[in-house]
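Letter by letter, the chains look like this.
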Amino acid sequence: MRIKVFIAAFCALTLATNFALAENDTTSTSATKEENANKEFNPGAEIIEHISDAHEWHIMTLPNEKHISIPLPIILYNTKEGKLDVFMSSKFHHGEEAYKGYTLVGGGTEAQEIVYADENGKPEVDESGAFVKPLDFSITKVAVSVMIASLILLLLLFGVKRSCIKNAGKAPKGLQSLMEILILFIRDGVVIPIIGEKHYQRYLPYILTLFLFIFLCNILGLVPFFPGGVNVTGNIAVTGVLAIITFFITTFSGNKHYWKDIFNTPGVPWWLKIPIPIMPLVEFVGMFTKPFVLMVRLFANITAGHIVTLGFIFLIFIFGNTMSAGVGFGVSPVSIIFSLFISALECLVAFIQAYVFAMLSALYIGMAVHNPEEEHA
């Protein structure tokens, strides 16, 4: 019962904060209507800015156009001079100034990048017109959010471990009960049925870590204030790394039957394998398309959810700018209701996408370690 109350309270908090954010944005727009009358609103740029990575963590913008943000470390390797430059992103003054021969470009509908700057502080370009860039190892907003999610997950798991030791032999309570449900769900509902009784203990820690990390990042992405609101699993670099880890575990765990099924698929006519190895080539390419599907599936679904939610919220400003104030005010409740509905749906999607990623990873690993001889033994 307490778990249901906890989940309901968390979802209610997420929906309430989204409602408050939309309401505050509407109030701010009404209060500053005269100041922004001639300022064109670009919903596409605003959406891309919200879902993309950045070199600073933007908190809010005050009515006087003053930005409140958390500066992040900039780590650059200057390939021209062969040196490492380290400083904070606040030196760029939100991309308005150059510093140490570097400047920020992009923003809006384009990705934000750090490039070399000339003596006048303008971005350097090569003969083809492309920006000249240093090697960028900066700690961006997504990287910080990954660290925060990892720290929260470690604290939760070690807290549950201490609770299990302290309440040994007793019924689980509170957070321990919630985590136990998730762990048993992944173990008994995903890992054991797919990978098998013999091998599941070897891969359970990885699959469970995948599920909990993705689920936590998805939930944090729905919270519109610090330290949430970052589109971590909607960043293709993050999903790509997770997919690559699954690919390497699958590849190095493959037994002889796994490789035999790839290069000498049983039950396939010989003319599809010799002299032109059509089926072996298809199976070999399939080894790389599987992690690609993992990467794109999670990235696309989470990003689409953020875009749809922001799109409904921005309908308020679109109608408010293009039509009369009365029409904009009338659209506001409809936009907020739809955005709240999508946010509620995103709570479910956050769980489903974490589950699907963990299940497919377990499926690929299970195919690699599966041994038909063990079943008939």
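Heads up: the structure comes first, above all this text.
A brief look at the structure comes next. The model shown is predicted, which means the values in this text are computed figures rather than measured ones. Within each chain, residues carry numbers counting from 1 in the order of the written sequence. Restriction of local features to residues with pLDDT of at least 70 applies here, the model being predicted, together with a cutoff of 80 or more for giving and counting side-chain atom pairs; totals for whole chains, interfaces and linings are based on all residues. Hydrogens and water are ignored here; the side-chain numbers use all heavy atoms of the structure.

1. Topic: the packing of aromatic side chains
In this description, a pair of aromatic rings is defined by centroid distance and the angle of the planes.
Moving on, step 1. Aromatic rings from Phe, Tyr and Trp, with only the six-membered ring used for Trp, were paired whenever their centres fell within 6.5 Å, and each pair was classed as stacked if the ring planes differed by under 30 degrees, edge-to-face if by over 60, and tilted otherwise. For the structure on display, the rule yields 15 aromatic pairs.
Moving on, step 2. With 6.1 Å between their ring centres and 15° between their planes, Phe 248 and Phe 252 make a pair best called stacked. Of the two residues, Phe 248 and Phe 252 are both situated in helix H6 (residues 236-253); the distance of four residues between them amounts to about one turn of the helix.
Moving on, step 3. We call a residue buried when its accessible area falls under 20% of the maximum for its residue type, exposed when it is over 50%, and partly exposed in between, using a 1.4 Å probe and counting protein chains only. On the basis of relative accessibility, which here comes to 43%, the residue Phe 248 falls in the partly exposed class.
Moving on, step 4. Classification of Phe 252 as exposed rests on a relative accessible area of 67%.
Moving on, step 5. Between Phe 284 and Phe 288 the ring centres are 5.3 Å apart and the planes differ by 70°, which places this aromatic pair in the edge-to-face class. Taken together, the residues Phe 284 and Phe 288, both in helix H8 (residues 278-322) and four residues apart, mark about one turn of the helix. Secondary structure elements follow DSSP: runs of H or I no shorter than four residues count as helices, runs of E no shorter than two count as strands, and numbering proceeds from the N terminus.

2. Things to note about empty space enclosed by the protein
Leftover empty space is mapped by rolling, across the atoms, a probe with the size of a water molecule.
Moving on, step 1. Whether a set of points on the 1 Å grid over the protein atoms alone is a cavity depends on a 1.4 Å probe fitting there but being unable to get out, while an open set qualifies as a pocket with protein on both sides within 12 Å along at least five of seven lines; lining residues are those with an atom within 4 Å of a point. Grid points are joined across faces, edges and corners, and a volume is the space filled by probe spheres set on the points. Enumeration according to the criterion identifies two cavities of 30 Å³ or more in this entry.
Moving on, step 2. Thr 246, Phe 247, Thr 250, Thr 251, Tyr 258, Met 287, Lys 290, Pro 291 and Tyr 364 are the residues that line the largest cavity.
Moving on, step 3. For the lining of the largest cavity, the elements supplying multiple residues, two or more each, are H6 and H8.
Moving on, step 4. Sort the elements by how many residues they give to the lining of the largest cavity and H6 lands first, with four residues.

3. Description of the side chain of Asn 255
Moving on, step 1. By the element assignment, Asn 255 lies in the loop between H6 and helix H7 (256-263).
Moving on, step 2. Polar contact is the term for a pair of N or O atoms within 3.5 Å; when the atoms are in protein, one must be able to donate a hydrogen and the other to accept it, and sequence-neighboring residues count only if both atoms are side-chain atoms. A polar contact is formed between the side chain of Asn 255 and the backbone nitrogen of His 257, at a distance of 3.2 Å.

4. Quick word on a nonpolar patch on the surface
Moving on, step 1. Among the surface-exposed residues, Ile 59, Met 60, Ile 68, Ile 70 and Phe 226 lie close enough to one another that they form a single nonpolar patch of about 390 Å² accessible area.
Moving on, step 2. Among the secondary structure elements, those contributing two or more residues to the nonpolar patch are strand E1 (56-61) and strand E2 (67-71).
Moving on, step 3. In this structure, Ile 59 sits in strand E1. Exposure above 30% relative accessible area and the absence of a salt bridge qualify a residue for a patch, where like charges join within 9 Å and nonpolar side chains (Val, Leu, Ile, Met, Phe, Trp, Tyr) within 5 Å. Computed with a 1.4 Å probe, the accessible areas rest on the Shrake-Rupley method; for each residue, only the protein chains presented here act as cover. Take a side-chain nitrogen of Lys or Arg and a carboxyl oxygen of Asp or Glu: if they are within 4 Å of each other, that pair is a salt bridge.

5. Observations regarding the packing of helix H3 (residues 141-166) against helix H4 (residues 174-195)
Moving on, step 1. Here the axes come from fitting lines to C-alpha atoms, over the contacting stretch only for helices, and the angles between their N-to-C directions go from 0 to 180 degrees. Interhelical geometry of H3 versus H4 gives an angle of 110° and a closest axis separation of 9 Å. On the basis of the axis angle, H3 is roughly perpendicular to H4. Together, Leu 156, Leu 157, Val 160, Ser 163 and Cys 164 of H3 and Leu 175, Gln 176 and Met 179 of H4 make up the contact between the two elements.
Moving on, step 2. Polar here means any residue other than Ala, Val, Leu, Ile, Met, Phe, Trp, Tyr, Cys and Pro, which are nonpolar, and Asp, Glu, Lys and Arg, which are charged; Gly is therefore polar. Residues belonging to the contact of H3 with H4 are distributed by class as follows: six nonpolar, two polar and no charged. The cut-offs work like this: below 35 degrees is roughly parallel, past 145 is roughly antiparallel, 65 to 115 is roughly perpendicular, and the gaps in between are oblique. By the convention used here, residues are in contact when the closest approach between their heavy atoms is within 4.5 Å.

6. Points about the nonpolar core
Moving on, step 1. We define a nonpolar core as any set of buried Ala, Val, Leu, Ile, Met, Phe, Trp, Tyr and Cys residues linked to one another through side-chain atoms lying within 4.5 Å. Grouped together as the largest cluster of nonpolar side chains are 50 residues, with contacts concentrated most on Ile 207 and Ile 214.
Moving on, step 2. The greatest single-element share of this core, amounting to 16 residues, is contributed by helix H5 (residues 200-222).
Moving on, step 3. Once residues within four sequence positions are removed from consideration, Ile 207 is found in contact with Ile 186, Val 191, Ala 358, Ser 361, Ala 362 and Ile 365.
Moving on, step 4. Core analysis: the second largest hydrophobic core is formed by eight residues, Ile 74, Leu 76, Phe 92 and Ile 114 among them.

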